[in-house]
Amino acid sequence: INMETTFKIWETSRNVYAKFLENYTLEQLNTIPTGFSNNLVWNLGHIIVVQQALVYRLSGLPMYISDELFETYRNGSKPTGTTTQAEVDELKNLLFSLIEKTKEDYAVGKFVSYNEYTTGTGFHLASTKEAMEFNNYHEAMHLGFMMNIRKFI
């Protein structure tokens, strides 16, 4: 399967995510509206760490993010509402640097094995390629959440 389209969709998605960082203040990014369980910046950090877990960790490779970042935004974590501008800047950088790393690693054949995994939404992932495809679905879902949150901040 040609992965060009998968990467193109991913890049487009990440560009939309970046616009949230450019168009909202730090206070807005941190706001958890009434009736919501998270905020804009948590969703952003979450899609970054989940991509690393789905694609790298389940392929038996080290992730390009810190354990601290992973713990802050992993499945089941909750936003604190106190993300700093420095942390936001780090997330913005990771949005794009991790695409390049993943594309490079894919091109040189780093992904050789995969620990099969069934997601919370019931998707069974049997390969790194499937994880990359699912990652686009996961990011689109969180983009939808963010588009909803922004109406209330």
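Please refer to the structure higher up on the page.
Along every chain, residues carry numbers that run from 1 in the direction the sequence is written. Totals for whole chains, interfaces and linings use all residues, but because this is a predicted model, local features are given only for residues with pLDDT of at least 70 and pairs of side-chain atoms are given and counted only at 80 or more. Hydrogens and water are ignored here; the side-chain numbers use all heavy atoms of the structure.

A. Main features of the pattern of salt bridges. By definition here, a salt bridge exists when the distance from a side-chain nitrogen of Lys or Arg to a carboxyl oxygen of Asp or Glu is within 4 Å. The final tally for this structure, using the stated rule, is five salt bridges. A salt bridge links E139 to R14; the nearest nitrogen and oxygen atoms lie 2.8 Å apart. Here E139, found in helix α6 (residues 128-149), pairs with R14, found in helix α1 (residues 4-23); they are 125 residues apart in sequence, far enough to count as distant. The exposure classification of E139 matches that of R14, with both residues buried. For the purposes of this entry, the term helix denotes a DSSP run of H or I that reaches at least four residues, the term strand denotes a run of E that reaches at least two, and both are numbered from the N terminus. Between buried and exposed lies partly exposed: a residue is buried under 20% and exposed over 50% of the maximum accessible area for its type, with that area taken using a 1.4 Å probe on protein chains only.

B. Layout of the packing of aromatic side chains. Ring pairs are drawn from Phe, Tyr and Trp, using the six-membered ring of Trp, whenever the two centres fall within 6.5 Å, and their geometry is named by plane angle: stacked under 30 degrees, edge-to-face over 60, tilted for the rest. All told, the structure shown has nine aromatic pairs when counted by the stated rule. Relative to W10, the ring of F7 has its centre 6.5 Å away and its plane inclined at 35 degrees; by these criteria the two rings are tilted. Of this pair, F7 and W10 both sit in helix α1, three residues apart, roughly one helical turn. Both residues of the pair, F7 and W10, belong to the buried class. Judged by centre distance (4.9 Å) and plane angle (50 degrees), the rings of F123 and Y137 are tilted. Taken together, the residues span a long stretch of sequence, with F123 in the loop between β1 (117-118) and β2 (124-125) and Y137 in helix α6 at a distance of 14 residues. Accessibility expressed as a relative area gives 35% for F123, which makes it partly exposed. Residue classification places Y137 among the partly exposed residues on the basis of a relative accessible area of 37%. Ring-pair connections join several aromatic residues into one group, and the members of that group are F7, W10 and Y106.

Scope: geometric values only; no functional claims are made or implied.
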